[in-house]
Amino acid sequence: MAIKFTTNKYKPLKLNELRNFITSKKNLNKLFKNTSNLDVKEVGDGNLNLVFFIENKHNSICLKQPLPYLRVLKDWPLTLKRSYYEYEYFKTHSKYVQDHFPEIYDYDEVLRSITMQKLSPHIIMRHGLIKGTKYKSFSKSISTYLAKTLFYTSDLYLSAASKKNLISKFISNTELCKITEDLIFTDPYSVNKNNRWTKPYLNKMKKKIENDEKLKIFVSRLKLKFMKNTDALLHGDLHTGSIMVTKKDTKVIDPEFTFYGPMGFDIGALIANLLMNYFSQTGHEKKLGERNQYKKWLLEIIKTIWVEFEKKFLKLWESENHGDAYPKVLFKNSSKKMIVEKKEYMRNLFEETISFAGAKIIRRIYGFAHNIDFEWIENTKIRANCEYKASKLAITMLKNTDYFKSINDLIKLAKINENMKVKL
Ligand code: SR1
Ligand code: MG
């Protein structure tokens, strides 16, 4: 049944209202034992929401509240409904990947807030990568996360009816999808006031992108895929700013862009962001070459993530193929045709991942919302140099996707691009 949202009682919370909010909720109140001495601060630094930390000596929690406009551009209206979808994403997937989410304590239907565990000592992964920190357990955790979230919400596992019910729960997150449709697949390829790039060094490349009809066809095909495919319940914005880490633990946050869409979009988002961090490393070096080992590690984890994801996904398909797709009754246990078919399925998913990753890179260099991986490189010529190499790779990923026969080809081409001489 469609949920009715009433906006009239909603208001953005103020610091001095948080204590009352906590005490009005039994389950939140009990987390603190005593609420007289709560320390409260607003720490949001993303594009969209208010984020509060509330703590005392007994506990610390995090409250996220959507604003009815874009935090970083107040005249851009945004639906409040997004936090409902975020909450439902956590609920749906926590059956399979609870270890990789913060604990969720409360969803408030009026204020649209989600109250959750404050993750500590976790940090936003992007910050750690910029510093050059290695997260050894990350590829194992995130490949499991991707395999489980994508498989368990697909037709390979669910009956057609239960999948359709799930689709209907998330189908109206259209405004957030529209942001993605515009910001990733349209705006960077056209002249748009929201676009930004490192001027003047990337002016020529930006024009080239606008004039490249073949590229625009490829990205439009991808946009169509994004709009029409309903393969699995996606996070929808799985970049390294939506992941919090310690050396031993990985937690995924911020799934407000969730929707039923093509699997390669989530995997591609992650790979794109790791690749951008790879190309940004030279810009963060204090001494030439000091990040070489780190760059090697980044490429290794990109490879491991794909290889492990593929293995884990196929294993789930083998052991839990309860869905209505590829009915068991049609195939013998070790059917050769099915082995070939699964290879083909993974090949298509790989190509889809490569092309979505390419689009994700282009949007962060020529579109509205950029990455601090590049933005924090103060010298604009050095930054443009890093961005240029990343965009060259991204264009190949979009236009010549079939060049990439395996993940090794992506790693090889990333290295070649990183070592190319650039004259800007
Ligand atoms: C208008 S919101 C800009 C971007 O921030 C989010 O992280 C999403 O990636 C979105 O595209
Ligand atoms: Mg976010």
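Basis of the calculations
Residues numbered from 1 in each chain as written. Chains lettered and ligands numbered in written order. Predicted model: local features only at pLDDT ≥ 70, side-chain atom pairs only at ≥ 80, totals over all residues. Heavy atoms only, no water. 1 Å grid on protein atoms, 1.4 Å probe; cavity = no way out; pocket = protein on both sides within 12 Å on 5 of 7 lines; lining within 4 Å. Points joined across faces, edges and corners; volume = space filled by probe spheres on them. Helix = DSSP H or I, 4+ residues; strand = E, 2+ residues; numbered from the N terminus. Nonpolar A, V, L, I, M, F, W, Y, C, P; charged D, E, K, R; others polar. Salt bridge = Lys/Arg side-chain N within 4 Å of Asp/Glu carboxyl O. Pairing = 2+ DSSP bridges. Contact = heavy atoms within 4.5 Å. Axes fitted to C-alpha atoms, helices over the stretch in contact; angles between N-to-C directions. Patch = residues over 30% accessible without salt bridge, like charges linked within 9 Å, V, L, I, M, F, W, Y side chains within 5 Å. Areas by Shrake-Rupley, 256 points an atom, 1.4 Å probe, with all protein chains shown as cover. Buried < 20%, exposed > 50% of the residue type's maximum accessible area, 1.4 Å probe, protein only. Left-handed = near helix turned anticlockwise from the far one by under 90°. Core = buried A, V, L, I, M, F, W, Y, C linked by side-chain atoms within 4.5 Å. Near = heavy atom within 4 Å.

**Comments concerning the layout of surface pockets**
Left-over empty space is what a probe sized like a water molecule reveals as it rolls over the atoms.
Item 1. Put simply, the second largest pocket is a space of about 370 Å³.
Item 2. Every residue lining the second largest pocket is counted, 15 residues in all, and those nearest its centre are Glu-318, Asn-321, Asn-333, Met-338 and Lys-342.
Item 3. Those elements that provide at least two residues to the lining of the second largest pocket are helix H11 (292–319) and helix H12 (336–366).
Item 4. Looking at the lining of the second largest pocket, the element that brings in the most residues is H12, giving four residues.
Item 5. Counted by class, the lining of the second largest pocket contains six nonpolar, four polar and five charged residues.

**Re the pattern of salt bridges**
Item 1. The full count for this structure, using the stated rule, is 28 salt bridges.
Item 2. A salt bridge links Lys-64 to Glu-256, with the shortest nitrogen-to-oxygen separation between them at 3.6 Å. Of the two residues, Lys-64 sits in strand S3 (residues 60–66) while Glu-256 sits in the loop between strand S11 (250–252) and strand S12 (259–261), which places them 192 residues apart along the sequence.
Item 3. Note that Glu-318 is salt-bridged to Lys-342, the shortest N-O span being 3.0 Å. Taken together, the positions of Glu-318 in helix H11 and Lys-342 in helix H12 put the pair 24 residues apart, joining distant regions of the chain.
Item 4. Among the ionic contacts, a cluster of salt bridges with common partners joins Lys-64, Arg-82, Glu-86, Asp-254 and Glu-256.

**Some details on empty space enclosed by the protein**
Item 1. Counting across every chain of the model gives one cavity of 30 Å³ or more.
Item 2. Looking at the largest cavity, its volume works out to about 30 Å³.
Item 3. In this structure, the largest cavity is lined by Asn-49, Lys-64, Gln-65, Pro-66, Ser-83, Glu-86, Ile-114 and Glu-256.
Item 4. Listing elements by their share of the lining of the largest cavity, those giving two or more residues are S3 and helix H3 (82–97).
Item 5. Ranked by residues supplied to the lining of the largest cavity, first place goes to S3 with three residues.

**Considerations on the sheet that holds S11**
Item 1. Here we have three strands laid out as an open sheet, ordered S8-S10-S11, and antiparallel in their pairing. Two strands close off the open sheet at either side, each with one partner strand: strand S8 (123–124) and S11.
Item 2. Most of the contacts of helix H5 (residues 138–152) go to S11, to which it runs at about 35 degrees, and overall it touches strand S10 (243–245) and S11.

**With respect to a nonpolar patch on the surface**
Item 1. On the surface, Val-329, Leu-330 and Phe-331 cluster together into a nonpolar patch covering about 330 Å² of accessible area.
Item 2. Along the polypeptide, Leu-330 turns up in the loop between H11 and H12.

**With respect to unusual backbone geometry**
Item 1. Note the cis peptide between Ser-120 and Pro-121, where omega equals 10 degrees.
Item 2. Its place among the elements puts Pro-121 in the loop between strand S7 (114–117) and S8.
Item 3. The linkage connecting Lys-199 with the following residue, Pro-200, adopts the cis geometry, with an omega of 0 degrees.
Item 4. Along the chain, Pro-200 falls in the loop between helix H7 (174–185) and helix H8 (203–211).
Item 5. Look at Asp-254: it is not a glycine, yet its phi comes out positive at around 65 degrees.
Item 6. Relative to the helices and strands, Asp-254 is located in the loop between S11 and S12.
Item 7. Exposure remark for Asp-254: the relative accessible area of 24% places this residue in the partly exposed category.

**Brief notes about the side chain of Lys-295**
Item 1. Mapped onto the fold, Lys-295 is located in helix H11.
Item 2. Judged by its relative accessible area of 10%, Lys-295 is buried.
Item 3. Apart from residues lying up to four places away in sequence, Lys-295 is in contact with Tyr-278, Gln-281, Thr-282 and Glu-418.

**Regarding the pairing of strand S1 (residues 39–42)**
Item 1. Both S1 and strand S2 (residues 49–55) contribute to a ladder of four bridges, which runs antiparallel. Paired with Val-40 across the strands is Ile-54, a residue of S2.
Item 2. Adjacent in sequence and paired antiparallel, S1 and S2 are bridged by six residues.

**Concerning the packing of helix H14 (residues 380–399) against helix H15 (residues 407–419)**
Item 1. The interhelical angle for the contact between H14 and H15, taken along N-to-C directions, is 145 degrees, at an axis separation of 9 Å. Like other packed secondary-structure pairs, H14 and H15 cross with a definite hand, here right-handed. Touching Lys-389, Lys-392, Leu-393, Thr-396 and Met-397 of H14 are Leu-410, Leu-413, Ala-414, Asn-417 and Glu-418, all from H15.

**Side note on the nonpolar core**
Item 1. Grouped together as the largest cluster of nonpolar side chains are 101 residues, with contacts concentrated most on Phe-138, Leu-275, Phe-309, Phe-313 and Leu-410.
Item 2. Sequence-distant contacts of Leu-275, that is, excluding residues within four places in its chain, are made with Leu-299, Ile-302, Ile-361, Leu-393, Met-397, Leu-410 and Ala-414.

**Structural notes on the environment of Tyr-87**
Item 1. Structurally, the position occupied by Tyr-87 is in helix H3.
Item 2. Tyr-87 gets classed as partly exposed once you look at its relative accessible area, which sits at 21%.
Item 3. The sequence separation of Tyr-87 and Leu-202 amounts to 115 residues, and the corresponding C-alpha distance is 39 Å.

**Things to note about the sheet that holds S7**
Item 1. Across the sheet, five strands lie side by side as S1-S2-S3-S7-S6; this open sheet has antiparallel pairing. Strands with a single pairing partner mark the edges of an open sheet, and in this sheet they are S1 and strand S6 (104–107). When the angles between neighbouring strand axes are averaged without regard to direction, this sheet yields 20 degrees.
Item 2. Contacting S2, S3, S6 and S7, H3 runs over the sheet at an angle of about 145 degrees to S6.

**Comments concerning the site of ligand 1**
Item 1. Around ligand 1, the surrounding shell consists of Asn-47, Leu-48, Leu-70, Ile-179, Leu-183, Asp-237, His-239, Phe-257, Arg-363, Arg-364, Phe-368 and Ala-369.
Item 2. Grouping the constituent residues of the shell around ligand 1 by class yields seven nonpolar, two polar and three charged.

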